[in-house]
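Reading the structure
One letter stands for each residue in the lines below.
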Amino acid sequence: MTISPLSDWLPTQNFPAVIAGPCSAETSDQVMEVATALAADKRVVAMRAGVWKPRTEPGNFEGVGAPALPWLQAAKAATGLKMAIEVAKPEHIELALKHDIDILWLGARTVVNPFVVAELAEALRGTNVPVMVKNPSAPDLKLWTGSINRLVNVGITKIAAIHRGFSTYEKIAFRNDPIWTIPIDFRRAMPEVPLINDPSHITGKRDLVSAIAQKAMDLAFDGLMIETHPTPETAWSDAAQQITPDALTALLNILNIPYGVNGIAASNYACKPDLELRRGELDVLDSRIIELLARRMKVVKDIGELKKQENLAVLQIKRWDQVINNLMKEGRNLGLSEEVVKRLYDLIHDASIQVQEEVFRGK
Ligand code: PEP
Ligand code: MN
């Protein structure tokens, strides 16, 4: 897999790649105003703006469309900022390239559909324009990596992935559930693909954007895409999550950038010996946890045999209630979070039930 380094197409200097701009391009004045403000902060390397907007419900503002493209061209000429837009149809790609758009991205609702991604990949063949791929709105790692592979297969090498969280029916504090395990698994699957975080679409609320941006830095993401608008409250789309250019500068000023972000000092950073030592200790503990878990499963299986002989139900709710309460109490006394103990043991319990069911069915 040939993936170009981010620095080949985004001129970042010892800072995460910051892509900022409005959810939607609204008017030529708005585009120029936000571009001028963003260009004053040299950490912003590209401007984003939605031209065609995927709206969940009909009747909402669906973007200005092609007439917005010359506004972006003018903003680029005036500021030198690279311009990025979302494309969802081959026709969008053609129009974007005609108007010197530098970077394209595929949206979360597009990446769920392999037919559409295949069609867009075909339209991109031979262009080698930089393309960013948002995670699909469904929590499915393969749809995400599969879309990237489709781009690689048509010769695109300038690729980045954007983590923007996942749709959920649960009531949560955010607009989209970040499910951090998925971008971490993404990194393991495609370590060479730069990974950018979109705290705006994860949180849906401007007050929470900064905390998620910091979390992304702690997890060594390479960049941030942050929705920025001159007057966020009156934005034509995503008004609740956009921040002003001044607020963006303030956010970037307080961001703690650890080693490893966007390759910063990663190559010449040698692990301190005490860190190596403690990591070794952790490896030993983790092996013991796995070994104990395997031993626990053997006992679970034996108990399954006994239950089968007695024709006892696999789930004994009173016993389970006692077990989980005792463990949470014990954990609390040792300074562990009850939630963590509960989630861990729910998983272990699920696996144990499965093992005993297999015993019952004679597998
Ligand atoms: C956007 O970036 O404005 C957008 C529509 O994002 P997503 O595809 O992540 O919903
Ligand atoms: Mn948006």
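Summarised in this report is the structure supplied together with it. Note that the structure is predicted; figures quoted are calculated from it, not measured.

Around the manganese ion (ligand 2), the donor atoms from the protein are C23 (SG), H201 (NE2), E227 (OE) and D238 (OD), and they sit 2.1 to 2.4 Å away. In terms of primary sequence, the donors binding the manganese ion (ligand 2) are separated according to C-x177-H-x25-E-x10-D. A residue pair is termed long-range when its members are at least 10 positions apart, and C23 in the loop between β1 (17-21) and α1 (28-39) and E227 in strand β8 (residues 223-227) qualify at 204 residues. An identical accessibility class is assigned to C23 and E227; each is buried.

At D100, a residue that is not glycine, the phi angle is positive and equals roughly 60 degrees. Tracing the backbone shows D100 in the loop between α3 (90-98) and β4 (103-106). One non-glycine residue, N311, adopts positive backbone phi at about 55 degrees. Along the polypeptide, N311 turns up in the loop between α11 (273-310) and α12 (317-333).

Let's shift gears to the site of ligand 1. As a matter of local geometry, ligand 1 sits amid 13 residues, with R48, K53, A108, K134 and R164 nearest to it. R48 has a polar side-chain atom sitting 2.7 Å from an oxygen atom of ligand 1. Between ligand 1 and K134, the relevant distance is 2.8 Å, taken from an oxygen atom to a side-chain nitrogen or oxygen of the residue. Protein chains bury 98% of the 300 Å² of accessible surface belonging to ligand 1 in isolation.

Looking now at the pattern of salt bridges. One pass over the structure, following the stated rule, counts 13 salt bridges. The closest approach of N and O atoms between D102 and K76, which form a salt bridge, is 2.9 Å. A residue pair is termed long-range when its members are at least 10 positions apart, and D102 in the loop between α3 and β4 and K76 in helix α2 (residues 69-79) qualify at 26 residues. Judged by relative accessible area, which is 25%, K76 ranks as partly exposed. For D222, the salt bridge is made with R187, and the minimal N-O distance between the two is 3.0 Å. Residue D222 is found in the loop between α9 (206-218) and β8, and its partner R187 is found in helix α7 (residues 181-189); the two are separated by 35 residues along the sequence.

A few words on the environment of G362. Tracing the sequence through the fold places G362 in the segment after α13 (338-360). Separated by 54 residues in the primary sequence, G362 and K308 place their C-alpha atoms 9.8 Å from one another.

What follows concerns the environment of I182. On the secondary structure map, I182 appears in helix α7. A relative accessible area of 12% means that I182 is categorised as buried. Along the sequence, I182 and G165 sit 17 residues apart, while their C-alpha atoms lie 9.2 Å from each other.

Those residues of α2 that sit buried are L69, L72 and A75. What you see down the axis of α2 is that its buried residues fit within an arc of 120 degrees, all on one side. Structural note: α2 exposes A77 and A78 on the side pointing more than 90 degrees away from its buried face. Of the residues flanking the end of α2, it is G80, one or two places downstream, whose phi is positive at about 80 degrees.

Another point: the packing of aromatic side chains. How two aromatic rings sit relative to each other is set out by the distance from centre to centre and by the angle between their planes. Counted by the stated rule, this structure contains 3 aromatic pairs. Taking the centre distance of 5.2 Å and the plane angle of 85 degrees together, the rings of F61 and W236 count as edge-to-face. Here F61, found in the loop between β2 (44-48) and α2, pairs with W236, found in the loop between β8 and α10 (245-254); they are 175 residues apart in sequence, far enough to count as distant. Classification of F61 as partly exposed rests on a relative accessible area of 22%. Given the relative accessible area of 43%, W236 is considered partly exposed. Geometrically, the ring pair formed by W144 and F186 is tilted, given 4.4 Å between the ring centres and 35 degrees between the ring planes. Of this pair, W144 sits in helix α6 (residues 141-153) while F186 sits in helix α7, and the two are 42 residues apart along the sequence. Residues W144 and F186 agree in their burial class; the two are buried.

With that settled, the discussion passes to the sheet that holds β4. Strand order in the closed barrel formed by 8 strands is β1-β2-β3-β4-β5-β6-β7-β8, with parallel pairing between adjacent strands. Here the average twist between neighbouring strands, direction ignored, is 30 degrees. When β2 meets strand β3 (residues 82-86), the two strands line up parallel, connected through 3 bridges. Its bridge partner being in β3, R48 is matched across the sheet by A84. α9 contacts β7 (195-197) and β8 of the sheet and is inclined by roughly 165 degrees relative to β8.

One finds M47, L72, I85, L104 and I148 to be the most contacted residues of the largest nonpolar core, which totals 68 residues. In this structure L104 touches I85, V87, I93, A96, L124, V129, P130, V131 and M132, once residues within four positions along its chain are discounted.

In this section: α3. Taken as a whole, α3 has its buried residues at H92, I93, L95 and A96. Just downstream of α3, D100 is the residue with a positive phi angle, here 60 degrees.

Parameters at a glance
Residues numbered from 1 in each chain as written. Chains lettered and ligands numbered in written order. Predicted model: local features only at pLDDT ≥ 70, side-chain atom pairs only at ≥ 80, totals over all residues. Heavy atoms only, no water. Donors = N, O, S within 2.8 Å, 3.2 Å for Na, K, Ca; no water. Helix = DSSP H or I, 4+ residues; strand = E, 2+ residues; numbered from the N terminus. Buried < 20%, exposed > 50% of the residue type's maximum accessible area, 1.4 Å probe, protein only. Near = heavy atom within 4 Å. Polar contact = N/O pair within 3.5 Å; in protein donor to acceptor, adjacent residues only side chain to side chain. Areas by Shrake-Rupley, 256 points an atom, 1.4 Å probe, with all protein chains shown as cover. Salt bridge = Lys/Arg side-chain N within 4 Å of Asp/Glu carboxyl O. Arc of directions from axis to C-beta. Phe/Tyr/Trp six-rings, centres within 6.5 Å; stacked < 30°, edge-to-face > 60°. Pairing = 2+ DSSP bridges. Axes fitted to C-alpha atoms, helices over the stretch in contact; angles between N-to-C directions. Contact = heavy atoms within 4.5 Å. Core = buried A, V, L, I, M, F, W, Y, C linked by side-chain atoms within 4.5 Å.

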